[in-house]
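# Architecture and fold: a report
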Amino acid sequence: MYLGYIEPVFRPPSEWKSLILQVTNGCSWNRCTFCEMYTADQKTFRPKPQGDIEKELKSVVQSGMPVNRVFLADGDAMTLSFRRLEAILAAINHYLPDVQRISSYCLPRNLKNKTVAELTQLREMGLSLMYVGCESGDDEVLQRVQKGETWDSSLAALEKIRQAGMKSSVMILNGLGGRLLSEQHALNSASLMNAAQPEYLSTLVVSFPLGMERFCNHPLN
Ligand code: SF4
């Protein structure tokens, strides 16, 4: 089986049984000061050509590996246009007709230019779960870590996901407000989750496995 991974490849823990299909490399935003997932040189953002994706799907079929779930990697596959996502889902359904769930990470901004009708169509093609890294519901924390989102933009995306009949799994990063902004980080994150009512919510803990240089060197920190 040939899967042309550009490492490192990340996936949510609950996708451990899924085929990880790398339809994009890296993250088109890549500015969050706490995140070093896609900072290596080889992880510069770029979509994978449709032909390459189809070659990988064919090789999965030839391997005989049973596939029930597919996760679209990397960090923001949902930045692709509706047309590109539609073509990718059509290929997955063609080569792997037994697939029951397709999921992806999703930045709130990825959905700004997609209508509920388009998202509904993608859901009908199997894309039914969005992992949304809200990280915080506090606008000051979000601004300081350069998330590029707000309480309002996060809620708008989560509501669109619900209206399209998809499920959302949200990540909130404990510790992201530091000591100074801890209380507002907690309260506004809770208020965002209460307003959005995602199906799944994970509270993770911010950590810096590669050191704090990227985080601390930002002028807002
Ligand atoms: S949007 Fe997600 S993947 Fe991209 S830099 Fe921010 S946390 Fe990392």
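Bear in mind the structure is a predicted one, so any value in this text is a computation, not a measurement. (Residues numbered from 1 in each chain as written. Predicted model: local features only at pLDDT ≥ 70, side-chain atom pairs only at ≥ 80, totals over all residues. Heavy atoms only, no water.)

### Some details on the packing of helix α1 (residues 50–63) against helix α2 (residues 82–95)
The geometry of α1 relative to α2 is characterised by a closest axis approach of 10 Å and an angle of 20° between their N-to-C directions. Here α1 lies roughly parallel to α2, going by the angle between them. With respect to the hand of their crossing, α1 and α2 are arranged in right-handed fashion. Taken together, the residues of α2 that come into contact with α1 (itself represented by Q50, I53, E54, L57, K58 and V61) are R84, A87, I88, A91, I92 and Y95. A breakdown of the residues in the contact of α1 with α2 according to their chemical character gives 8 nonpolar, 1 polar and 3 charged. (Axes fitted to C-alpha atoms, helices over the stretch in contact; angles between N-to-C directions. Helix = DSSP H or I, 4+ residues; strand = E, 2+ residues; numbered from the N terminus. Parallel < 35°, antiparallel > 145°, perpendicular 65-115°, else oblique. Left-handed = near helix turned anticlockwise from the far one by under 90°. Contact = heavy atoms within 4.5 Å. Nonpolar A, V, L, I, M, F, W, Y, C, P; charged D, E, K, R; others polar.)

### Description of the packing of aromatic side chains
Throughout the structure, instances matching the rule amount to 4 aromatic pairs. The structure contains a cluster of three or more aromatic residues connected by ring pairs, namely F71, Y105 and Y131. Positioned over the ring face of W29 is R31, at 4.0 Å from the centre of the ring. Positioned over the ring face of W29 is R109, at 3.9 Å from the centre of the ring. (Phe/Tyr/Trp six-rings, centres within 6.5 Å; stacked < 30°, edge-to-face > 60°. Lys NZ or Arg CZ within 6 Å of the ring centre and 35° of its normal.)

### Focus: the pairing of strand β4 (residues 69–73)
Counting buried positions along β4 gives 4 out of 5 residues, so the element sits mostly inside the fold. When strand β1 (residues 19–22) meets β4, the two strands line up parallel, connected through 4 bridges. The residue bridging L19 from the neighbouring strand is V70, located in β4. As paired elements, β4 and strand β5 (residues 101–105) share 4 bridges and run parallel to each other. Counterpart to F71 in the pairing with β5 is S103. (Buried < 20%, exposed > 50% of the residue type's maximum accessible area, 1.4 Å probe, protein only. Pairing = 2+ DSSP bridges.)

### What about the site of the ligand?
Surrounding the ligand, one finds C27, W29, N30, R31, C32, F34, C35, Y38, L107, E135 and K147. In this structure, the ligand is accommodated by the largest pocket. Partitioning the shell around the ligand into residue classes produces 7 nonpolar, 1 polar and 3 charged. (Near = heavy atom within 4 Å. 1 Å grid on protein atoms, 1.4 Å probe; cavity = no way out; pocket = protein on both sides within 12 Å on 5 of 7 lines; lining within 4 Å. Sits in = over half its atoms within 2 Å of the grid points.)

### A look at the side chain of D74
Structurally, D74 can be placed in the loop between β4 and α2. Side chain to side chain, D74 and Q22 meet in a polar contact 3.0 Å long. Contact partners of D74, with chain neighbours within four places excluded, come to V9, Q22, T24, N25, G26, Y38, K43 and Y105. (Polar contact = N/O pair within 3.5 Å; in protein donor to acceptor, adjacent residues only side chain to side chain.)

### Some remarks on the pattern of salt bridges
Evaluated as defined, the whole model comprises 9 salt bridges. The residue R101 makes a salt bridge to E15 at a minimum N-O spacing of 2.7 Å. With R101 in strand β5 and E15 in the segment before β1, this pair connects stretches of sequence that are 86 residues apart. Both residues of the pair, R101 and E15, count as buried. (Salt bridge = Lys/Arg side-chain N within 4 Å of Asp/Glu carboxyl O.)

### Things to note about the environment of E199
Examined against the element boundaries, E199 turns out to sit in the loop between α6 (182–196) and β8 (200–205). Using a relative accessible area of 37% as the deciding quantity, one classes E199 as partly exposed. Expressed as a C-alpha distance, the spacing of E199 and K167, which sit 32 residues apart in the sequence, is 6.1 Å. Sequence-distant contacts of E199, defined by excluding residues within four places in its chain, comprise R162, K167 and S168. Polar contacts involving the side chain of E199 include one to the main-chain amide nitrogen of S168, which spans 3.0 Å.

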